[in-house]
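Below, each chain spelled out in residue letters.
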Amino acid sequence: MTTSTTINKGDRLLHQNVLGSRRFSNYWWATIVTLGASGFLLSGISSYLKVNLLIVSDPTQLVFIPQGLVMGLYGTAGLLLATYLWLVILLDVGGGYNEFDRETGTIKIFRWGFPGKNRRIQIDSRIEDVQSVLIDVKEGLNPRRALYLRIKGRRDIPLTRVGQPLSLTELETEGAKLARFLGVSLEGL
């Protein structure tokens, strides 16, 4: 669920860091898309200039229209996608923390969003408004395993990161620990 969970001040504060878009898989795919798109763009430019700009092949043999032009367009589209991926990583979209403070009786859930007026997403609530901790498990082709906080008068608030589903053991452990800390029931098992 989180990169780290800490309980401080004599079991009065629970702080969970939530991993956003700065995951290894995102770095991997952004790098692969950047390299592939650069290759396509350089192939298109090489076919136009008749100068080999690549190490692994000789795209000067390609006819510019239509082959070189299409390679250049694929390269341009790929670099736009790579730029988006790198910006999402740089801005750490989805990253943040969950903080539960028994001393003040407050809950603070914070996430970074996309640039704009709603870049900082922060939900504040009181601990006594929490009804339960909900475990949502959906198996199949597109599995979903997530923890939600059920609060009176609000929609269920997701607590886990988006992306690869957590193992059932880890999900149950984190859910039980949070429910025990908040003194509420654990639903969905």
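Residues numbered from 1 in each chain as written. Predicted model: local features only at pLDDT ≥ 70, side-chain atom pairs only at ≥ 80, totals over all residues. Heavy atoms only, no water.

### Focus: a nonpolar patch on the surface
In step 1: A surface patch of nonpolar side chains, about 520 Å² in accessible area, is lined by Leu42, Ile45, Tyr48, Leu49, Val51 and Leu53.
In step 2: Structurally, the position occupied by tyrosine 48 is in helix α1 (residues 24-49).
In step 3: The exposure class assigned to tyrosine 48 is exposed, which follows from its relative accessible area of 56%. (Patch = residues over 30% accessible without salt bridge, like charges linked within 9 Å, V, L, I, M, F, W, Y side chains within 5 Å. Areas by Shrake-Rupley, 256 points an atom, 1.4 Å probe, with all protein chains shown as cover. Salt bridge = Lys/Arg side-chain N within 4 Å of Asp/Glu carboxyl O. Helix = DSSP H or I, 4+ residues; strand = E, 2+ residues; numbered from the N terminus. Buried < 20%, exposed > 50% of the residue type's maximum accessible area, 1.4 Å probe, protein only.)

### With respect to the pattern of salt bridges
In step 1: All chains considered together, the criterion is met by seven salt bridges.
In step 2: One salt bridge connects arginine 145 with glutamate 139, and the closest N-O pair in it is separated by 3.1 Å.
In step 3: The partner of arginine 150 in a salt bridge is aspartate 156, and the shortest N-O contact between them spans 3.1 Å.
In step 4: Looking at aspartate 156, the relative accessible area reads 29%, which means it is partly exposed.
In step 5: Each of Arg126, Glu128 and Asp129 takes part in salt bridges that share partners, so that together they form one network.

### What to know about α1
In step 1: The terminal C-alpha atoms of α1, which comprises 26 residues, lie 37 Å apart, in line with the 38 Å expected from a rise of 1.5 Å per residue.
In step 2: For α1, the secondary structure elements touched by its buried residues are α2 (64-91).
In step 3: One or two residues past the end of α1 sits lysine 50, with phi positive at roughly 60°. (Expected span 1.5 Å × (residues − 1). Contact = heavy atoms within 4.5 Å.)

### A few points about α2
In step 1: The end-to-end C-alpha distance of α2, which contains 28 residues, comes to 38 Å, matching closely the 40 Å that a straight helix rising 1.5 Å per residue would cover.
In step 2: Here α2 has its buried residues at Gly68, Gly72, Gly75, Gly78, Ala82, Val88 and Ile89.
In step 3: Its buried side turned inward, α2 meets α1.

### Side note on the UniProt feature "transmembrane region" (unreviewed entry) in the protein chain
In step 1: Under the present numbering, the feature "transmembrane region" (unreviewed entry) in UniProt falls on residues 27-49 and 69-93.
In step 2: Secondary structure over residues 27-49 splits into 100% helix and 0% strand, and the C-alpha atoms at its two ends are 32 Å apart.
In step 3: Spanning residues 69-93, this segment combines 92% helix with 0% strand, and its end C-alpha atoms are found 34 Å apart. (UniProt positions renumbered as here; feature names shortened; annotations may be inferred.)

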